[in-house]
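# Descriptive analysis of the structure
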Amino acid sequence: MCVDFQSQIVCSRALFESTTELFPVTTSWCWRFLYYFLSFWIGLYMLSGKPWFWETKYCWIEHPLQHVGSDVYWYYMIELGYYWSLILSMSIDTRRKDFVQMVMHHILTIALMLVSYSTNWIRCGSLIICIHDAVDWLLEGAKLANYCKHKKLSNGLFVVFAVMWLLTRILILPFRLLRSGIFESITFIGVYPVYYVFLTLIGMLQALNVFWFYLILRMVFFYIVKGTVEKDARSETEPDSGSEDESVDSLQVNGGIPEDSGAPLLGLPDSNHCP
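Analysis parameters
Residues numbered from 1 in each chain as written. Predicted model: local features only at pLDDT ≥ 70, side-chain atom pairs only at ≥ 80, totals over all residues. Heavy atoms only, no water. Helix = DSSP H or I, 4+ residues; strand = E, 2+ residues; numbered from the N terminus. Expected span 1.5 Å × (residues − 1). Buried < 20%, exposed > 50% of the residue type's maximum accessible area, 1.4 Å probe, protein only. Arc of directions from axis to C-beta. pLDDT = per-residue confidence, 0-100. Contact = heavy atoms within 4.5 Å. 1 Å grid on protein atoms, 1.4 Å probe; cavity = no way out; pocket = protein on both sides within 12 Å on 5 of 7 lines; lining within 4 Å. Points joined across faces, edges and corners; volume = space filled by probe spheres on them.

## Structural notes on helix H3 (residues 70-89)
Taking 1.5 Å as the rise per residue, H3 with 20 residues should run 28 Å; its terminal C-alpha atoms sit 28 Å apart, in good agreement. Taken as a whole, H3 has its buried residues at Val-72, Tyr-75, Tyr-76, Glu-79, Leu-80, Tyr-82, Tyr-83 and Leu-86. Looking down the long axis of H3, one finds its buried residues gathered within 160° of arc, a one-sided arrangement. Along H3, exposed side chains directed more than 90 degrees from the buried face belong to Ser-70, Trp-74 and Leu-88.

This is how it looks when you write it as structure tokens:
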């Protein structure tokens, strides 16, 4: 507790400077949380009324003469624009350890959307988008709760995030959608060149999902065994200042994919308070 006027000024200045440094980071988190939250729940509501949401065979029936409604069209265009913005913003962001994987992910996502839209595989593509959006808002919410020092809420959101990642990207995506693209599509539309292109792209995207799930499991393992998450592994191009904003940014996401960072994700580190 600060006992005199001078120490109060020092404490207030230190608090203001540390908070100001985090403004750009928290602004980014808030924007991404809002986008992913609205994108997922609006997309889920829209797609739940479509027959291909419940039975994947309708992704291929009547192809390529399937009608594209305005709701699905704008869903696609907004998502495509968002991923283009991520590509552009990465040129000015700090490079993390998995920068290459992040670039690959965004390029694969944009390529998948362009290929699926141009060949009218939009029904399957819209389901893939919704599946990937399902976990992103949870992680952004966990980071915001972590910043606000609501550790229990941050812990809970991260656990739900890890479980949802397993259910959506590790189970539903390959065993339902990828399986439908491999087998059901042949039954209704046969095999043509774009078949191999689409499945190659989604296969590469799934490999990245498995890679990031491994990182998630590693972080969970270190927390369960050691009570903390392994030290943040940053790229050599990032300065190691040890500042609070680095610890807060322990789980960095661009387009819904977590980077390999291991700073404490279950609460902010204790700052230096006045005696």
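Having put the structure on the table, let's press on.
## A look at the confidence of the model for the protein
Averaged over all residues, the pLDDT of the protein equals 77, while 72% of them reach at least 70. The weakest mean pLDDT in the protein belongs to strand S1 (residues 253-254) at 37; the strongest belongs to helix H2 (residues 51-54) at 94. Low confidence marks residues 8-23, where pLDDT is under 50. Its contacts with residues over four positions away, or in another chain, come to nine contacts. For residues 231-275, every residue scores under 50 in pLDDT, and the model assigns this stretch 134 contacts once sequence neighbours within four places are set aside.

## Some points on empty space enclosed by the protein
Counted under the stated rule, the structure contains four cavities of 30 Å³ or more. Roughly 150 Å³ of volume is contained in the largest cavity. Lining of the largest cavity is provided by 15 residues; of these, Thr-109, Met-113, Gly-125, Ile-128 and Ile-129 occupy positions nearest its centre. Listed by contribution, the elements that provide at least two residues to the lining of the largest cavity are H3, helix H4 (99-118), helix H5 (122-147) and helix H7 (193-226).

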